[in-house]
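The chain contents come next:
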Amino acid sequence: MSDRVTLGIDRIKCDGHGVCADLVPELIELDDWAIRSSAGGAIPQSVLPHARRAVSGCPTLALRLQALASRR
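Small disclaimer: the values here were computed from a predicted structure and weren't measured.

**Q** Go over the nonpolar core with me, naming the residues and quoting the values.
**A** In terms of nonpolar packing, the biggest core is built from 19 residues, with Leu7, Val24, Leu27, Ile28, Ile43, Leu63 and Leu65 touching the most fellow members. If you list the elements that add at least two residues to this core, you get strand S1 (5-9), helix H1 (19-23), helix H2 (48-57) and strand S4 (63-67). Per element, the largest residue contribution to this core is four residues, and it comes from H2.

Rendered as structure tokens:
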């Protein structure tokens, strides 16, 4: 996987359990309907381990890490 990744959310799968928001509040916020990502681009390297835990801990598998295209 690229060094530059972003967090993807499948809003259909998300049930709003909030596990991810607890694990990585820097990137995810809960709203009245489900979750939303506050990350607008690449996830900082310092937060990436927490983002990986959030993806693996999602009970509905609604999160994924996506590689960003490298700049040239």
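**Q** How would you summarise H2 if you had to cite specific residues and measurements?
**A** Of the residues making up H2, those classed as buried are Leu48, Ala51, Ala54 and Val55. Down the axis of H2, the buried side of the element spans an arc of 115°, and every buried residue falls inside it. On its buried face, H2 sits against S1, H1 and S4.

Conventions used here
Note that residues are indexed from 1 along each chain, following the sequence as it is written. Where local features are concerned, this predicted model is filtered to residues with pLDDT of at least 70; where side-chain atom pairs are given and counted, the filter is 80 or more; whole-chain, interface and lining totals use all residues. As a rule here, side-chain values come from all non-hydrogen atoms in the structure, and water together with hydrogens is ignored. Side-chain atoms within 4.5 Å are what join buried Ala, Val, Leu, Ile, Met, Phe, Trp, Tyr and Cys residues into a set we call a nonpolar core. For each residue, the accessible area found with a 1.4 Å probe, counting protein chains only, is set against the maximum for its type, and the residue is called buried under 20%, exposed over 50%, and partly exposed in between. Only DSSP runs of H or I with at least four residues qualify as helices, and only runs of E with at least two residues qualify as strands; both kinds are numbered from the N terminus onward. As used here, the arc is the angular range of directions from the helix axis to the C-beta atoms. Whether two residues touch is decided by their heavy atoms; if any such pair falls within 4.5 Å, the residues are in contact.

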